[in-house]
Amino acid sequence: MGKKEQDAALLKQVAAGDMSACRTLVDEHLKKMLGLAYQMLRDVTEAEDVAQDAFLKLWKQAPTWRPDAQIKVWLYRVVFNLCIDRLRKNKNLMDIEPPEEFIEAGQIKGLHKNEIRERLNAAIFDLPERQRTAITLVHLQEEKQKDAAAVMGVSVDALESLLARGKRNLRGKLGKHKTDLMGE
């Protein structure tokens, strides 16, 4: 049974009120949803609220779930949209140091990993919203470009353009530390 079929079966169980199926879905997807929400919002509480709202939408959607849909892509899209809504409503979301479990360190090298991680995250946080989201999905969350493009509602070519601009902006922001930070 493929992933889509497994997901569809889980959602049928969720629709029937099976709490263990709910826990399975949360266990499988929560960390990545929190990671995306945090990278976009820079606020732990807001990220947790968004993830919770996304899972509530999934539970409500369970009875009418299309078996050909991918839960992960659907959840990312919901989280992305909820974050965009919150960013539009509140332009002053606070910068708070992320908890360790919210950050996917990626390919950071060097001796001062905490310092490097802080600089890299600060540079990512300073990117324009769509570039930050593209970088987060593809490089930090390690999603396929096709899936990331679907989440963002853009073509793969547009996603590649966002990634290229995001990397270029990161290089500029990181200056002399870019070799340590970006593995170049």
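Here, the structure is the one placed above.
Residues numbered from 1 in each chain as written. Predicted model: local features only at pLDDT ≥ 70, side-chain atom pairs only at ≥ 80, totals over all residues. Heavy atoms only, no water.

Participant: I'd like to hear about the overall build of the chain, residue by residue, with values.
Facilitator: Along its length, the chain carries nine helices and zero strands. Each helix and strand of the chain, placed in order from N terminus to C terminus, yields the pattern α-α-α-α-α-α-α-α-α. Taking all 184 residues of the chain together, the buried fraction comes to 43%. Carbon together with sulfur atoms contributes 49% to the accessible area of the chain, which is approximately 10,100 Å² in total. (Helix = DSSP H or I, 4+ residues; strand = E, 2+ residues; numbered from the N terminus. Buried < 20%, exposed > 50% of the residue type's maximum accessible area, 1.4 Å probe, protein only. Areas by Shrake-Rupley, 256 points an atom, 1.4 Å probe, with all protein chains shown as cover.)

Participant: Before we move on, could you go through the packing of helix α4 (residues 71-89) against helix α7 (residues 145-152) and cite the residues and values that matter?
Facilitator: Contact pair α4 / α7: the axes reach a minimum separation of 8 Å and the direction vectors enclose 40°. Between α4 and α7, the interaxial angle falls into the category oblique. In this structure, the crossing between α4 and α7 has a hand that is right-handed. Contact with α4, carried on its side by V73, Y76, R77 and F80, involves D147, A150, V151 and M152 of α7 and no other residues of that element. (Axes fitted to C-alpha atoms, helices over the stretch in contact; angles between N-to-C directions. Parallel < 35°, antiparallel > 145°, perpendicular 65-115°, else oblique. Left-handed = near helix turned anticlockwise from the far one by under 90°. Contact = heavy atoms within 4.5 Å.)

Participant: Can you tell me about the nonpolar core, naming the residues and giving the values?
Facilitator: Counting 53 residues, the largest nonpolar core has L11, L58, V79, M152 and L159 as its most contacted members. When contributions to this core are tallied by element, the ones reaching two or more residues are α1 (3-15), α2 (19-41), α3 (44-61), α4, α5 (113-125), α6 (129-140), α7 and α8 (156-174). Among the elements that make up this core, the one with the highest residue count is α4 (eleven residues). (Core = buried A, V, L, I, M, F, W, Y, C linked by side-chain atoms within 4.5 Å.)

Participant: I'd love a proper account of α3, names of residues and values included.
Facilitator: Helix length check: α3 (18 residues) gives 26 Å between terminal C-alpha atoms against 26 Å at 1.5 Å per residue, within 8%. Along α3, the residues classified as buried are V44, E46, A47, V50, A51, A54, F55 and L58. (Expected span 1.5 Å × (residues − 1).)

Participant: Tell me about the environment of R42, and name the residues and values.
Facilitator: Here R42 lies in the loop between α2 and α3. Residues R42 and F125, spaced 83 residues apart in sequence, show a C-alpha to C-alpha distance of 7.5 Å.

Participant: Which residues make up unusual backbone geometry, and what are the values?
Facilitator: Despite not being glycine, R42 has its phi angle at roughly 60°, a positive value. Among the residues examined, R42 registers a relative accessible area of 18% and is labelled buried.

Participant: Can you break down the packing of α7 against α8 residue by residue, with the values?
Facilitator: One can describe the packing of α7 onto α8 by two numbers: an axis separation of 9 Å at closest approach and a directional angle of 95°. By the angle between their axes, α7 is roughly perpendicular relative to α8. Two secondary-structure elements touch here, α7 through Q145, K146, A148, A149 and M152 and α8 through V156, L159, E160, L162 and L163. Split into classes, the residues belonging to the contact of α7 with α8 amount to seven nonpolar, one polar and two charged. (Nonpolar A, V, L, I, M, F, W, Y, C, P; charged D, E, K, R; others polar.)

Participant: Provide a residue-level description of the pattern of salt bridges, including the pertinent values.
Facilitator: The full count for this structure, using the stated rule, is four salt bridges. Here K32 and E143 are joined by a salt bridge, their closest N and O atoms 3.6 Å apart. Of this pair, K32 sits in helix α2 while E143 is found in the loop between α6 and α7, placing the two residues 111 residues apart along the sequence. Its relative accessible area of 7% is what places E143 among the buried residues. If you follow the salt bridges from partner to partner, you end up with K32, K72 and E143 in one network. (Salt bridge = Lys/Arg side-chain N within 4 Å of Asp/Glu carboxyl O.)

Keep in mind these numbers describe shape, not what the thing actually does.
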